[in-house]
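The primary structure of each chain is shown beneath.
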Amino acid sequence: MEILRRLAQAAVVGGVLAMLVACGSDAGSGSSTPGEAPGAAESVDGAAPDDAAGSLTEPKGEECERLTTDEVADAIGAHDGGQHDYQLGGCVWTATSGGEAIHASVLSKDEYEAVAEIGEPVSGSADGAVYDEIHGELWFPCGSGEFCGIKANIGDSDRRKDVALRMGTVLQGRV
């Protein structure tokens, strides 16, 4: 009987935890609006979060002008025109069909270390570039202690790498 009671308690606790995770909780962290990225809410004193991951939620000006509409369309076809990228900072362009996307970021060293998937050295793109085949991420130093990144969310691995290398070259020429 004791075993059944403990199993029932564990099931109740597990159910409550699952419900909290599924519903989310913003108690004590300020309000969050629908569509706002996690961590984007203001702190209790009204200031934005100050850590590297928190700073990725802050738009940094003309981030979606780093690649042209035509350059992105050549890579993934018709797309949404670009939106602030809450995953990697910078901008993400999402194809209107097919689920493909291109991310372009310029990050400080701290931000880069917090989010980048570090790959292997690669040639055919920016100087000092590394490419991670699993995630389709190309990263390279781009001046003033910053790091530039391209992430190609494309199903075909050969095309994904080609697009990342090509877009990395374009991004390097503009930063």
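Refer to the structure above for everything that follows.
A brief look at the structure comes next. Just so you know, these numbers come straight off a predicted model, no measurement behind them. (Residues numbered from 1 in each chain as written. Predicted model: local features only at pLDDT ≥ 70, side-chain atom pairs only at ≥ 80, totals over all residues. Heavy atoms only, no water.)

**Topic: the overall build of the chain**
The condition is simple: Helix and strand labels come from DSSP, where a helix needs a run of H or I of at least four residues and a strand needs a run of E of at least two; each type is numbered from the N terminus. Residue exposure (1.4 Å probe, protein chains only): buried if accessible area is under 20% of the type maximum, exposed if over 50%, otherwise partly exposed. In what follows, residue pairs with any heavy atoms lying within 4.5 Å of each other are defined as contacts. With residues, only the protein chains shown are counted as cover, and all accessible areas are computed by Shrake-Rupley using a 1.4 Å probe.
A tally of regular secondary structure across the chain gives 5 helices and 7 strands. Its helices and strands taken in sequence order, the chain reads α-α-α-β-β-β-α-β-β-β-β-α from the N to the C terminus. Per-residue burial for the chain yields a buried fraction of 36% across its 175 residues. A sequence separation of at least 24 residues applies to 47% of the contacts in the chain between residues at least 6 apart. Summed over all atoms, the accessible surface of the chain reaches about 10000 Å², with 54% contributed by carbon and sulfur.

**Structural notes on the sheet that holds strand β4 (residues 120-121)**
For clarity, the threshold we go by: Any two strands with at least two DSSP bridges between them are considered paired. Note on geometry: axes are lines fitted to C-alpha atoms, helical ones only across the stretch in contact, with angles between N-to-C directions running from 0 to 180 degrees.
Taking strand neighbours across the sheet as the criterion, the 7 strands line up as β1-β2-β3-β7-β6-β5-β4 in an open arrangement whose pairing is antiparallel. Since the sheet does not close on itself, it has two edges, and those belong to β1 (83-84) and β4, each with one partner. Strand direction decides the pairing type here: strand β5 (residues 130-132) and strand β6 (residues 137-141), joined by 3 bridges, are antiparallel. From the neighbouring strand, Val130 faces β6, where its bridge partner is Trp139. On top of the sheet, helix α5 (residues 157-174) reaches β3 (101-108), β5, β6 and β7 (146-153); it is set at about 150 degrees to β7, its chief contact.

**What to know about the side chain of Glu137**
Along the polypeptide, Glu137 turns up in strand β6. Among the residues examined, Glu137 registers a relative accessible area of 2% and is labelled buried. Once residues lying within four places of it in the same chain are set aside, the contact partners of Glu137 are Leu88, Val115, Ala116, Glu117, Val130, Tyr131, Asp132, Ile150 and Lys151.

**Thoughts on the state of the cysteines**
Our working definition: In what follows, a disulfide is any cysteine sulfur pair within 2.5 Å.
For the structure shown, the criterion picks out 2 disulfides. Across the disulfide, Cys64 is cross-linked to Cys91 (sulfur-sulfur distance 1.9 Å). Across the S-S bond linking Cys64 and Cys91, the dihedral sits near 95 degrees, which makes this disulfide right-handed. One end of the pair, Cys64, is in the loop between α2 (52-55) and α3 (69-76); the other, Cys91, is in strand β2 (residues 91-94), and 27 residues separate them in sequence. A residue is classified by how much of its surface remains accessible, and Cys64, at 23% relative accessible area, is partly exposed. Judged by relative accessible area, which is 0%, Cys91 ranks as buried.

**A few points about α3**
As a reminder, the rule being used: Each C-beta atom gives one direction from the helix axis, and the arc is the one those directions make.
Along α3, the positions that sit buried rather than exposed are Glu71, Val72, Ala75 and Ile76. Summarising the axial view, the buried residues of α3 lie within an arc of 110 degrees, below the 170-degree limit, and thus occupy one face. Relative to its buried face, α3 has exposed residues pointing more than 90 degrees away, namely Thr69, Asp70 and Asp74. As for α3, its buried residues are in contact with β2, β3 and α5. Following α3 by one or two positions, Gly77 adopts a phi angle in the positive range, close to 85 degrees.

**Concerning the pattern of salt bridges**
Selection rule: Only one rule defines a salt bridge in this text: a Lys or Arg side-chain nitrogen within 4 Å of an Asp or Glu carboxyl oxygen.
Applying the stated rule across the entire model yields 5 salt bridges. Taking the shortest distance from any N to any O, the salt bridge between Arg174 and Glu71 comes out at 2.6 Å. Highlighted residues: Arg174 in helix α5 and Glu71 in helix α3, separated in sequence by 103 residues. Relative accessible area serves as the criterion here: at 41%, Arg174 is assigned to the partly exposed category. What makes Glu71 buried here is its relative accessible area of 19%. For Glu137, the salt bridge is made with Lys151, and the minimal N-O distance between the two is 3.8 Å. Separated by 14 residues along the polypeptide, Glu137 in strand β6 and Lys151 in strand β7 bring together distant segments of the chain.

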